Protein chains: 2
Amino acid sequence: MKTITVLLADDHLVVRSGLKALLGTQPGIEVVAEAASGEEALALVEQHGPAVVMMDLAMGAGMDGIEAIRQLRQRNSGQAILVFTTYDSDADIVRAVDAGAMGYLLKDASPEEIFAAVRGAVHGKSVMSAPVASRLFQQLRNPDAILTPREAELLSLLTEGLSNRELGQRLFISEATVKTHLAHIYAKLGVESRSAAIATAIRREGMR
Amino acid sequence: MKTITVLLADDHLVVRSGLKALLGTQPGIEVVAEAASGEEALALVEQHGPAVVMMDLAMGAGMDGIEAIRQLRQRNSGQAILVFTTYDSDADIVRAVDAGAMGYLLKDASPEEIFAAVRGAVHGKSVMSAPVASRLFQQLRNPDAILTPREAELLSLLTEGLSNRELGQRLFISEATVKTHLAHIYAKLGVESRSAAIATAIRREGMR
DNA sequence: AGCAGCATCAGCCAAAAGGCTGAGGTCGGC
DNA sequence: GCCGACCTCAGCCTTTTGGCTGATGCTGCT
């Protein structure tokens, strides 16, 4: 069996260190590089061409994990990308899968889950933590409430306290379009105001 | 020099694993136990009597880190307690120090910071990450930014997504008064909109 | 008594947000 | 080729928020 090469991307040193220690106990899996930011991850993937990339979504300043995933996919160099993050936000899950993630693990996953995910990923199998899977399942049952990728992106920025104008500038769309998306988001979340949307997004979606 | 015994309390396996790997490289420091919850931490401290406890604040269900720190202090078995967490929430810092924490490290701290904190802790030195220290400093310099009880109450309700009218009804005051309080809150938080206030309240003050 | 901080309210105006209708463009599936 | 989902935008109107100024009453401290 060929050794599976892995690249870790996480801004927390302890997390990289822990993941490396865990994966190091497994024969057939080898961590070949570590990145502390999205930019670094892109560069190191280029350099090492790992089979699997484990990526955090929130990585301090600069490029976030979603964007890094998207860019990796565009270059199409064949890595399987696993999201490895703390929160199981609906919106993040949608966006990550949309961007091209193969799996979605939470940081409190057991070693077995992690190993299985890495091994599965190289064979094209997508693995996700139980809470993540149950969220997706929940969503499939009432499809009307599923946010589109764009809406999820907006909601995510919304929880940072941006105004419509700022949202538009950030996403390169007009304020009118922002308002349209917001109206859809409110309807799907079952709220009638921006504030309530932020509140439920954070509580129900685990965003922050 | 005596070996420093350390107990790790964090609900994320990768974090414990990473911390253990990092500390393991240091002569004179030994991780003697790991706990995944506050309750477990209390039991294991009893059993192992470590010199230093490194404690996460958010530990899933059950007892949180603050409460665990408080109980450890009450038993007064002489451990130095270091907080090791992801967020530098003002409220958390104050509460942790109040509960009896010796230091406050963020998870993106460098290995050197971590080692120094552990070594310093046993000698009664309190070490905190730079962002944490600067936050405390900020607060001390700027007492004007402390919310009054009424303002804090409003802010708390604000994070539930209520409108001005609803806030007024809930607190039995007029909408005009609500607006006055909000204006003061915005000024103190350094924001210009309700959304941004909610966002910073949740992120910075740890409300949810 | 006087003063400072807090909580309460009013009125006025400008800016932002929200509700509504309609509409053009792309893309993938049937 | 048609249809549906999605993303994009415009205009119009109402409601909500926010900025400002000023005012009253209470309380605790000096």
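For the structure, see preceding data.
This text gives an overview of the structure that appears in the document. (Residues numbered from 1 in each chain as written. Chains lettered and ligands numbered in written order. Predicted model: local features only at pLDDT ≥ 70, side-chain atom pairs only at ≥ 80, totals over all residues. Heavy atoms only, no water.)

Topic: helix H3 (residues 65-75) of chain A
Residues and elements named next belong to chain A. Every buried residue of H3 is listed here: Gly65, Ile66, Ala68, Ile69 and Leu72. Buried residues along H3 cover an arc of 160 degrees about the axis, so they all sit on one side. Looking at the buried positions of H3, the neighbouring elements they touch are helix H2 (38-48), strand E3 (52-55), strand E4 (80-85) and helix H4 (90-99). (Buried < 20%, exposed > 50% of the residue type's maximum accessible area, 1.4 Å probe, protein only. Helix = DSSP H or I, 4+ residues; strand = E, 2+ residues; numbered from the N terminus. Arc of directions from axis to C-beta. Contact = heavy atoms within 4.5 Å.)

Details of the interface of chain A and chain B
Every contact between the two is made by 30 residues of chain A and, on the other side, 30 residues of chain B. A combined buried area of about 2,400 Å² lies between chain A and chain B, and 62% of that area is made up of carbon and sulfur atoms. Between chain A and chain B we count 0 salt bridges in total. Our count for the chain A to chain B interface comes out at 2 residue pairs in polar contact (both at pLDDT 80 or more). In terms of residue count, the dominant contributor to the side of chain A that touches chain B is helix H1 (residues 13-24) of chain A (8 residues). Split by residue class, the side of chain A that touches chain B holds 15 nonpolar, 8 polar and 7 charged. (Buried area = accessible area lost by both parts, 1.4 Å probe. Salt bridge = Lys/Arg side-chain N within 4 Å of Asp/Glu carboxyl O. Polar contact = N/O pair within 3.5 Å; in protein donor to acceptor, adjacent residues only side chain to side chain. Nonpolar A, V, L, I, M, F, W, Y, C, P; charged D, E, K, R; others polar.)

Section: the packing of H2(A) against H3(A)
Residue and element names in this part refer to chain A. It is at 9 Å that the axes of H2 and H3 come closest, and there the two elements cross at 25 degrees. Compared by their axis directions, H2 and H3 come out roughly parallel. In terms of crossing hand, the pair formed by H2 and H3 is right-handed. In contact with Gly38, Leu42, Val45 and Glu46 of H2, H3 contributes Ala68, Gln71, Leu72 and Arg75. For the contact of H2 with H3, the residue count by class is 4 nonpolar, 2 polar and 2 charged. (Axes fitted to C-alpha atoms, helices over the stretch in contact; angles between N-to-C directions. Parallel < 35°, antiparallel > 145°, perpendicular 65-115°, else oblique. Left-handed = near helix turned anticlockwise from the far one by under 90°.)

Focus: the side chain of Ser195(B)
As for its position among the elements, Ser195(B) is in helix H10 (residues 194-204). For Ser195(B), a relative accessible area of 5% translates into the label buried. Apart from residues no more than four positions distant in its own chain, Ser195(B) is found in contact with Gly161(A), Arg194(A) and Ile198(A).

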